[in-house]
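# Observations on the model geometry
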Amino acid sequence: MNAPDRYERFVVPEGTKKVSYERDTKIINAASFTIEREDHTVGNILRMQLHRDPNVLFAGYKLPHPLQYKIIVRIHTASQSSPMQAYNQAINDLDNELNHLKTVFEEEVLKHSRDY
Amino acid sequence: MEVGGGASNQRFPKIKIREMKDEYLKFELRETDASMANALRRVMIAEVPTIAIDLVEIEVNSSVLNDEFISHRLGLIPLTSDRAMGMRFSRDCDACDGDGQCEHCSVEFHLDVRCDQDQTLDVTSADLISTDPSVIPVDVAAKSSSSAYDASENKACLGLRQILMLLCLLERKIYRRGIIIVKLRRGQELRLRAIARKGIGKDHAKWSPAATVTFMYEPEIRINEEMMESLSIDDKRSWIESSPTKVFDIDPNTQQVVVVDPEAYTYDEEVIKKAEAMGKPGLIEIEAKEDSFIFTVESTGAVKASKLVVNAIEVLKQKLDAVRLSDDTVEADDQFGELGVHMRGG
């Protein structure tokens, strides 16, 4: 009866930002990104992509609580980069990877439907 | 929008389709990591949109099942959802209040069945009348296209297979009229209006387009041939038998142990244990290739399996786009000004 609406799991409430950025006050080039209404799907690919960046010293994500629909991505970079730069780069790379994936997949489907 | 001089670490994955049917797909995904494979799997199951009945207005229901029960059953009927990617969620639709009249976010269905015979009457998905011919129950759609399917099959081969297929079709026509919603006896009636909406599996499983989506690491199996040759034929046989799935066999000509189906291996390690028990550790080495995956996708029929993968890639792209930093976040960071420069070691 007092169950929260199901859509609360994936609709960002009004007045809340999808991504908020908080710089670490003690460590240079370290920051946390709080992403609202996302889970392991995005958290894990972001983290793994960040690990491929040689300027990233640390990248991790956590889902603080299963009923709080947000993730926190923490990035620590070397001085020639910044967490924000690394974050943007990771998203761009993933986006390009998915574009590539879509093209090759559609080519394969076409090839396959022609062959059989 | 290149920010700074960050070098790209982009990958270029490869795909090879093994088997493709409308509702089934098997393909290899290579040169990427498990996070990408798992993200795709998760998106296919929970975030690719489909259309399903979401709101039911019951006018008459004198059947044995109560209104909620019937509404729930209606929701679970898969509907052809090729339109779903282009549709709006009814909560985002400004043009209407999601009452079924709006073509951007909803499709209306009507059902009106009354039993006037002594025999029990099945109310099925085939009795649902859609206001949009492109959104109909998948079993009804499959039936109407089965005649076309028949024609395309004609050129393949005529004979036993054809007869079997015809029998199958005949059987479906007689016994499978559709997905049974409820059964009525004489005098019972069911009349309702249902509104189907776009949704995702995260909201409710009825919107999931996937029956099953799995991926496995491709195994790399290396047999130590020298050590294998030191085994007698009976030892070889008993070693092969130790695997619960048929991964290995003996070549009838050379009497050598060969890998017949590496993918049948379930990472149970039984053959490794057996080799050790036989006093031959290192007889076999099996490794999971960390960048190579074999996907199996089974669709409910709401969208084609191949389309499901394409949609999943598209949805994942949209998700990534949504988590990009907004411009005001970047500006707010710059407002740190001197402190910011100082913090960055400037």
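Chains are numbered independently. Their residues run from 1 in the order of the written sequence. Key to labels: chains lettered from A, ligands numbered from 1, both in the order written. Owing to the predicted nature of the model, reporting of local features is limited to residues with pLDDT of at least 70; listing and counting of side-chain atom pairs is limited to 80 or more, with chain, interface and lining totals taken over all residues. Just so you know, side-chain values use all the structure's heavy atoms and leave hydrogens and water out.

## Things to note about the domain arrangement of chain B
Often, the extent of an interface is quoted as the loss of accessible area upon association of its parts. All names here are of chain B. Annotation of chain B at the domain level lists domain 1 (14-46 + 211-343) and domain 2 (51-208). Contacts: residue pairs with any heavy atoms within 4.5 Å of one another. The partner domain 2 presents 11 residues to the nine residues of domain 1 that form the contact. Here the quantity called buried area is the total loss of accessible area, with a 1.4 Å probe, experienced by two parts when brought into contact, counted for both. Taking both partners together, domain 1 and domain 2 bury about 780 Å²; carbon and sulfur atoms supply 54% of that area. In terms of surface lost to domain 2, no three residues of domain 1 exceed A46, T300 and A302, which account for 49% of the buried area on that side. Salt bridges are defined as contacts in which a side-chain nitrogen from Lys or Arg sits within 4 Å of a carboxyl oxygen from Asp or Glu. Between domain 1 and domain 2 we count zero salt bridges in total. Residues adjacent in sequence count toward polar contacts only when both atoms are side-chain atoms; beyond that, a polar contact is any pair of N or O atoms within 3.5 Å, and within protein one must be able to donate a hydrogen and the other to accept it. Where domain 1 packs against domain 2, one counts four residue pairs in polar contact (both at pLDDT 80 or more). Domain borders in the structure are assigned automatically or taken from a domain database.

## Some details on helix α8 (residues 305-322) of chain B
Over its 18 residues, α8(B) extends 26 Å from the first C-alpha to the last, a length consistent with the 26 Å expected when each residue adds 1.5 Å. Each residue's exposure class comes from its accessible area (1.4 Å probe, protein chains only) as a fraction of the maximum for that residue type: buried when under 20%, exposed when over 50%, partly exposed otherwise. In this description a helix means any DSSP run of H or I spanning at least four residues, a strand means any run of E spanning at least two, and both kinds are numbered starting from the N terminus. With 13 of 18 residues buried, α8(B) is to be regarded as a mostly interior element. The length a helix should cover is 1.5 Å for every residue beyond the first.

## Remarks on the layout of surface pockets
Unoccupied space between atoms shows up once a probe the size of one water molecule is rolled over them. All names here are of chain B. Roughly 460 Å³ of volume is contained in the second largest pocket. Lining the second largest pocket are 18 residues, and of these E47, F89, I200, Q318 and K319 lie nearest its centre. It is α8 that contributes the most residues to the lining of the second largest pocket, four residues altogether. Inspection of the lining of the second largest pocket shows a minimum of three residues originating in each of domain 1 (14-46 + 211-343) and domain 2 (51-208). Using only the protein atoms, space was sampled on a 1 Å grid; points where a 1.4 Å probe fits but cannot get out form cavities, open sets with protein on both sides within 12 Å along at least five of seven lines form pockets, and lining residues are those with an atom within 4 Å of a point. Grid points are joined across faces, edges and corners, and a volume is the space filled by probe spheres set on the points.

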